Every structure is written in C-alpha cells, then in structure tokens.
Amino acid sequence: MSLRVNPVLGRELRERMRNGRSFWVLGVFLGLLVLAAYLVIEANASINSFDLARLTRVGRTLFEVVVLVMLLLVFFFVPGLTAAAFAGERERQTLQPMQITLLRPHQLLVGKVLASMSFIGLLIVSALPMLVAAYLLGGVTVTDGLAGLGIVALLGVLLTTMVAAVSARARRVQSATLTAYGLTLLILVASPVAFLIIRTVDQSTGNDPVRVPSIVGLLNPVTIAADAVGSPAGGSADAPLSALKHAMITAWQDDGGHWAWWPSDDQDRSDRTDPFPGWLLGSLVAGGVTALGAWRGVRALRTPAEAER
Amino acid sequence: MTGHDPATISTVGPTAGPTAGPTANSTEQAVDTPGLAINTSQLCKTYGTLRAVDHVDLRVPTGSVFGLIGPNGAGKSSTLAMVATLLRPTSGSLEVMGADPRRMPRTVRRRMGYMPDALGVYDSLRVDEYLQFFAASYGIPRREWPELVDGLLELVDLGVKRSAMVNSLSRGMKQRLSLARALVHDPELLVLDEPASGLDPRARVELRELLAALNRMGKTIVISSHILAELEEMCSDVAIMEAGRLLASGPPRQIFDQLGAGRTIRVRFAGGETETHSVATDDEQAELLRRLVVDEGRAVVEFTEQSGGLEQLFLTITEGLVQ
Ligand SMILES: Nc1ncnc2c1ncn2[C@@H]1O[C@H](COP(=O)(O)OP(=O)(O)OP(=O)(O)O)[C@@H](O)[C@H]1O
Ligand SMILES: [Mg+2]
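About the thresholds
- Residues numbered from 1 in each chain as written.
- Chains lettered and ligands numbered in written order.
- Predicted model: local features only at pLDDT ≥ 70, side-chain atom pairs only at ≥ 80, totals over all residues.
- Heavy atoms only, no water.
- Salt bridge = Lys/Arg side-chain N within 4 Å of Asp/Glu carboxyl O.
- Helix = DSSP H or I, 4+ residues; strand = E, 2+ residues; numbered from the N terminus.
- Buried < 20%, exposed > 50% of the residue type's maximum accessible area, 1.4 Å probe, protein only.
- Contact = heavy atoms within 4.5 Å.
- Buried area = accessible area lost by both parts, 1.4 Å probe.
- Polar contact = N/O pair within 3.5 Å; in protein donor to acceptor, adjacent residues only side chain to side chain.
- 1 Å grid on protein atoms, 1.4 Å probe; cavity = no way out; pocket = protein on both sides within 12 Å on 5 of 7 lines; lining within 4 Å.
- Points joined across faces, edges and corners; volume = space filled by probe spheres on them.
- Nonpolar A, V, L, I, M, F, W, Y, C, P; charged D, E, K, R; others polar.
- Pairing = 2+ DSSP bridges.
- Axes fitted to C-alpha atoms, helices over the stretch in contact; angles between N-to-C directions.
- Expected span 1.5 Å × (residues − 1).
- Phe/Tyr/Trp six-rings, centres within 6.5 Å; stacked < 30°, edge-to-face > 60°.
- Near = heavy atom within 4 Å.
- Core = buried A, V, L, I, M, F, W, Y, C linked by side-chain atoms within 4.5 Å.

Asker: Help me understand the pattern of salt bridges in this model?
Answerer: Oppositely charged side chains may form a pair once their charged atoms are brought near each other. Residues and elements named next belong to chain A. Per the stated rule, a full pass over the model turns up 29 salt bridges over all chains. Between Glu-89 and Lys-112 there is a salt bridge; the shortest N-O distance is 2.9 Å. Taken together, the positions of Glu-89 in helix α5 (residues 84-92) and Lys-112 in helix α7 (residues 105-126) put the pair 23 residues apart, joining distant regions of the chain. Residue Glu-89 shares its accessibility class with Lys-112, and that shared class is buried. Here Lys-245 ties to Asp-227 by a salt bridge, and the two come within 3.9 Å at their closest N and O atoms. Linking Lys-245 in helix α13 (residues 240-254) with Asp-227 in helix α12 (residues 221-229), this pair joins segments that are 18 residues apart in sequence. The pair Lys-245 / Asp-227 is uniform in exposure class, with both members buried. Via salt bridges that share partners, Arg-11, Glu-12, Glu-15, Arg-16, Glu-89 and Lys-112 belong to a single interconnected network.

Asker: Please explain the interface of chain A and chain B as it appears in this structure.
Answerer: Accessible area lost on assembly of the parts is the figure often given for the size of an interface. Opposite the 29 residues of chain A that make contact, chain B presents 33 residues. Of the roughly 3100 Å² buried at the junction of chain A and chain B (both faces included), carbon and sulfur atoms supply 58%. Taken together, the connections running from chain A to chain B amount to two salt bridges. Arg-18 of chain A is paired through a salt bridge with Glu-129 of chain B; the nearest N and O atoms lie 2.8 Å apart. Where chain A packs against chain B, one counts 15 residue pairs in polar contact (both at pLDDT 80 or more). Per-element tally for the side of chain A that touches chain B: the top contributor is helix α2 (residues 7-18) of chain A, with six residues.

Asker: Looking at this structure, how should I read the layout of surface pockets?
Answerer: The method is simple in principle: a probe with the dimensions of a water molecule rolls over the atoms, and the space it marks as empty is what remains. In this structure, the largest pocket spans a volume of roughly 830 Å³. Along the wall of the largest pocket there are 30 residues; nearest its centre are Arg-90, Gln-96, Gln-99, Arg-171 and Pro-304 of chain A. Residue assignment for the lining of the largest pocket shows that the elements contributing at least two residues are α5, α6 (95-99), α9 (142-169) and α14 (278-300) of chain A together with α2 (76-83) of chain B. For the lining of the largest pocket, the class distribution of residues is 14 nonpolar, six polar and 10 charged.

Asker: Just to check I follow, could you spell out the sheet that holds strand β12 (residues 274-279) of chain B for this structure?
Answerer: Paired through backbone hydrogen bonds, the strands of a sheet run either parallel or antiparallel to each other. All names here are of chain B. In space, the three strands of this open sheet follow the order β12-β11-β13, with antiparallel pairing throughout. Unpaired on one side and paired on the other, β12 and β13 (300-305) mark the two borders of the sheet. Going across the sheet, the axis of each strand differs from the next one's by a mean of 20 degrees, ignoring polarity. By the bridge criterion, six bridges tie strand β11 (residues 263-269) to β12 in an arrangement that is antiparallel. Paired with Thr-264 across the strands is Ser-278, a residue of β12.

Asker: Help me out: how do you make sense of helix α4 (residues 52-82) of chain A in this one?
Answerer: In an α-helix, one turn spans 3.6 residues, which is why side chains three or four residues apart end up on the same side. Counted at 1.5 Å a residue, the expected span for α4 of chain A with its 31 residues is 45 Å, and the 44 Å between its end C-alpha atoms agrees. Of all 31 residues making up α4 of chain A, 23 are buried, and the element is well covered by its neighbours.

Asker: Is there a simple way to explain the packing of aromatic side chains in this structure?
Answerer: How two aromatic rings sit relative to each other is set out by the distance from centre to centre and by the angle between their planes. Going through the model one piece at a time under the given rule, you end up with six aromatic pairs over all chains. Considering the side-chain rings of Phe-76 of chain A and Tyr-181 of chain A, the 6.2 Å spacing of their centres and the 55 degrees angle between planes classify their relative orientation as tilted. Taken as a pair, Phe-76 of chain A in helix α4 and Tyr-181 of chain A in helix α10 (residues 173-204) lie far apart in primary sequence, 105 residues in all. Aromatic rings pair up to connect Tyr-122, Tyr-130, Phe-133 and Phe-134 of chain B into one cluster.

Asker: I'm lost on the site of ligand 1 in this one. Help?
Answerer: All names here are of chain B. Taken together, 13 residues lie near ligand 1, and Asn-72, Gly-73, Lys-76, Ser-77 and Ser-78 sit nearest. Separating an oxygen atom of ligand 1 from a backbone N or O atom of Ala-74 is a distance of 3.1 Å. A distance of 2.6 Å separates an oxygen atom of ligand 1 from a polar atom in the side chain of Ser-78. Going through the elements one at a time, β2 (50-56) and α2 are the ones with two or more residues in the shell around ligand 1.

Asker: What is the right way to look at the side chain of Asp-100 of chain B in this model?
Answerer: Residue and element names in this part refer to chain B. Inspection of the secondary structure puts Asp-100 in the loop between β5 (91-96) and α3 (105-111). Take Asp-100: its relative accessible area is 11%, and that puts it in the buried class. Here the side chain of Asp-100 touches Arg-102 through a polar contact of 2.9 Å, landing on its backbone nitrogen. Look past the residues within four positions of Asp-100 in its chain and what remains in contact with it is Leu-94, Pro-105 and Val-108.

Asker: Please clarify how the sheet that holds strand β4 (residues 65-69) of chain B should be interpreted in this entry.
Answerer: Residue and element names in this part refer to chain B. In space, the six strands of this open sheet follow the order β6-β7-β8-β4-β9-β10, with mixed pairing throughout. If you trace the sheet from one side to the other, it starts and ends with β6 (112-115) and β10 (245-250), each paired once. Between one strand axis and the next, the sheet turns through 15 degrees on average, direction left out of account. As defined by bridge partners, β4 adjoins strand β9 (residues 237-242) across four bridges and the pair is classed as parallel. Looking at the pairing, Phe-66 lines up with Asp-237 of β9.

Asker: Can you walk me through the environment of Leu-123 of chain A in this structure?
Answerer: Note on placement: Leu-123 of chain A falls in helix α7. Not counting residues up to four positions away in its chain, the partners in contact with Leu-123 of chain A are Leu-26 and Phe-29 of chain A.

Asker: I would appreciate a short explanation of the nonpolar core in the present structure.
Answerer: Side chains that are nonpolar tend, in soluble globular proteins, to be buried together. One finds Tyr-114, Tyr-130, Leu-131 and Leu-189 of chain B to be the most contacted residues of the largest nonpolar core, which totals 93 residues. Per element, the largest residue contribution to this core is seven residues, and it comes from helix α4 (residues 127-137) of chain B. Leaving out residues up to four positions away in the same chain, Leu-131 of chain B has contacts with Val-149, Leu-152, Leu-153, Leu-177, Ala-180, Arg-181 and Val-184 of chain B. Formed by 48 residues, the second largest nonpolar core is a distinct cluster that contains Val-25, Leu-73, Ala-87 and Ile-224 of chain A.

Just geometry here; none of it tells us what the structure is for.
This is the structure we're talking about:
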C-alpha cells in the first residue's frame, strides 16, 4: 500500500500514528471547533424553534464559523506539524541515508506533503458532524458544504507544501518553525496590509472614488474562502464569510465593478452581482507561488554532489 | 623516525583481493580501471580555506577489504562522503564502480552501500519496518521484503529485536541495524565510516567476522577507523591519511617492509617473566624465537607480536609528517 506508492508517506503515516502528538493536535482542533460552534448556538439560544427563518440563519452562521475556524486552525497547526519534515531529519541525521537511496528529491517532498495532507484530511473529516448539524438547521446546501471542505483542503495543501519546502531548505527545526510561522503570518496579513496601504496612498493623491486593484484583496486565504463559500447576498452580519464576501462585492461595485489587476474605469460591469470567481484567481496565484517554493525545496533536497553541476 | 617520503610509499600498487586477478603495479594514471572499486586522482575537498582532503589518489581494488586510517580530522569522513555521492569534490577526479558520483549518482547508489559515522534513527519505527522502508526506497519489490528482512536481521544478529522500536536499541545494535540498512540492496561495494566505534570487544569481533563473510561473498569493503589493531587483521589493504593527505597505501605488510618499521614482540616465559624484543622482518622474528627456545632453552609460553603493529606504523608515518 502506501509504502509502495511512496515509501516516505508510508513511513510517516506509521510514525505519526504512533506519535501521541497527532492525537493531541486532533483533540485541540476538535475542542476549539466545538467551542466555536457552541458559542454560535449559545448566542442564539433564545430563538424560538418555530422561527424557521432565524433557525436557517443560525445554520448558515454555524456553517461559516466552522469553516472559518477550521481554516484558521489548519493555518495555525500546519506550520508546527510540517516544519520539522526535513529539518528534523537533518537534525537527527536521518536525511542522508534517505538521500542516497533511489528515491528522487521530489518523491521525498511529495511523501512528506501527502503525509501532512492525510492528517489535514483527518482533521476535516473529524469536523464533519458539525457541518452536518449546520445542514440540519438549514441555510446550507450540500454544495456549500463540499465547497467549504474543498477550499479548506486546498488551502491547507498549498500551505503544507510551502512549509515542507521551507523545511527542506532549513538546517534546524527551530529556524524552520520560525520561518514557517513567519510565512504563514505574512500570507494572512499581507493582503489586508497591502490593501490598506494602497488605499491610503490613493486617498492622499486625491483619487475619488478610491480604487484598489481587486486582486490585492483576493490574495488571502480568508477572502479566498469567503469568495468560495459565502453567499453574495451577504445575509446576516453573523455569518462571517458571507459578510466578508458582501463587503468585497460592495467595494467592487463602488469601484465600478472591476475585478481587475489594476484600477480602471473603461468598463462598467456593476450590473453583475456575482463577479469573476475571485477564489479561483486567488488560488491560482497561491498555487503558482507554492509551485515555485516546491521547486526550490526539491532542489534543496538534492545532495551537494548532485547539485549545481 | 623522520621524514619518510610519502610519495615512495603511495606508489605501492593495489593488491589482488579474493576476486581480483593479479593487478599490475598501477603507477600510471589509471582511468576506468576495471580492477578498481574506487579510483580517485588528485581528489580535493575544501571547506572555506580548510583543505579537508588534499590531492588524494586512492585506489581500492575490487574485492579487497580496504582500511582508511587516520587521526581525528584527517579527512576520512569527507573522502568517504564524496565516494557515497553525498559531497561534491572541490577538484580532482573520482570514480566509484567505474562511474563518476557527480554525473551518475544513481548508478553509484545502486551498487554502493554507505554507513555514515552518525547513527540517525527514526523515533517511532520498528526494526523490521525500518528495513522495509529502505527496501522500498531502493525499489525492491514488496514480495521480496520478508525474506530480505529476515536474512539481513539474521546476518547482523538482530533477529530477536525485529519488533523492537529502533530508538530503543543499544548503540551497538543501532550500528548493526545501520549496517543491515547499507546492505538492503545487496551492493557490491560497502563504504563504512567508523563502523566499530562504540562497539564492545565482543561486538567488534563479530563485526570483523561479519565483514570477512561479506568479503567472501565478493563484496568490496572500505572501512575507516582509528582503531588500528582491528584493521590490521581484517584489511588486505590500508591507506593512511593525515591532515587531508594520503601518506601511504598498500597491503600493511608491504608498507611495513618498505618502511623497515620494527615490530615489537612480547615474550612470556613459564613463571610469568616477560620480555619485549624489536624485530624488523619475519626472518628476524623466526630467528628470535629459535634463539630463545633452542639456543637458550627457555620455557616460552607465549610469543606474540604486539597488537599495534599498525599502530606503530601509523605513529611512525604521521610523526614523519609533523617533523
Ligand atoms: N561540513 C564541514 N564544514 C567545515 N569543515 C568541515 C566539515 N566537515 C568536516 N570539516 C573539517 O574537515 C576536516 C576533516 O574532517 P573529517 O570529518 O573528514 O575527518 P575524519 O578523518 O573523518 O575525522 P574523525 O576521525 O574525527 O571522524 C576536519 O578538520 C573538519 O573540521
Ligand atoms: Mg569521521
């Protein structure tokens, strides 16, 4: 089975299964997720169960909170769980024996990423009951549910690959972990910060209305998830992803409707309510960056004898 | 002992191992020599300004047990890492089983097993799973694993530990497991970096026997050490390194004779009295024994060449460089 497909994956799965840390992480993950769900329910406890419209809104809110919290937790745990992938082997001096087998550098990276991915998969599956609860309350379709799980999985995989590549280039677990968390933080805040900076600059030059290239807002896992999962109508302010998507669309319409690379006003598309699939654009850019990182990581996994001919 | 010219010693050609036929004295720059498992020419490795390996011409005959000897920091590990496709030579040429590790690392990897001096082992893996992992990594079909793992564990005498966690093994056991790992793909060439360090005397003897058995199976073995007495018994050829330079290479006896280096004989007589004598050659040694027993009629109960004949040689040669 897995040992055949990719020996590194098989070995990692065995090790992780025996290693208590995985279950500890799973426990914390589920605990926090349940807590978030509980807070949503608790905040709406006064609802009369015959008020179907409101019940539906609670279902929607619960769903989006679960997806958002899941995404944030994955972004919180992935760096910690993946940063040691290669740096740890270097520290324990187990990397070289592996490098001189017939495994190719990209197989090493893929094995590590697949192992981390399967753990993310486990986390996502463990969150299913809460999504089912949201579904039963209403306001969520099966498609919504799949989109939510899919986008969390996709973003999780991209981040895992980036962090594994960071680990491949690091000498020590400690520096790999710091770099990985730094990178993750950057991924999370770069877009909002860039957005604010551009807007401020734009305002100070007297432009009105203020125009920020929409792509800037989409280079962020949370906005990508919001765009993929949120309903454009916005719904209640309680449903975080829909609220965010609504805000983005409003900004876009204020902007004259340009999901453009740069601000321009030669076209008016504000009549379209659901614009360009921004999540796809954002994911493609993220995928490109990840591919570049993975390429550099694979290069770092070659032995010095093979490298730089 | 002063200033032996290393050049005269290092021209000693490789000797025939069990499988190699008579080999010509290879003073010429051999390129693609079929009788050589490892052939380096002017091999250098520098770390910054430090010359860790300095113009080394190493010729390891196919089928030999080759000892690489040198004090700490001599450049043994660096040399072996270059052979093992792990380190890139700064300059010079290098051929392992006829292939350049820089250009054809996978060809070399297929035919060479390497045991590093550092023992890295995984945290939560069983001994048999550890070997299965490496079998898979060398692309060995799954159906062959059980027999392979059984055979290897038996070979290194770890059968009883097959279900134990790798990190629970003693140092000596880890060492043997590491050796088993190097053998997973049945390589023709075994490169062992200080395999005997940390082993108890019994384990050393066992390792020696194991390596002798592997050599009889036709494998060429390169082993580095600073435990000289050990290498002396098992190696058909040795090379002595210091400060990155190859000071001498060839069969131990040949180096001895070229140097005219003395050996020390320890004689014990009935009653417990002991004496030590210095001799230079086998003839002198035989003459000494004859004199003691026949001429002087003394009750010799023990007549041994001091272990450390090689040690003596080593000290002699390395001393020569310092002066
Ligand atoms: N990665 C490295 N970076 C810088 N210097 C190094 C590196 N590896 C080895 N050296 C230096 O190269 C020289 C040779 O080291 P090497 O490990 O090859 O010696 P050795 O003969 O194996 O020694 P020992 O018997 O202690 O194992 C030493 O002076 C060492 O400090
Ligand atoms: Mg060494």
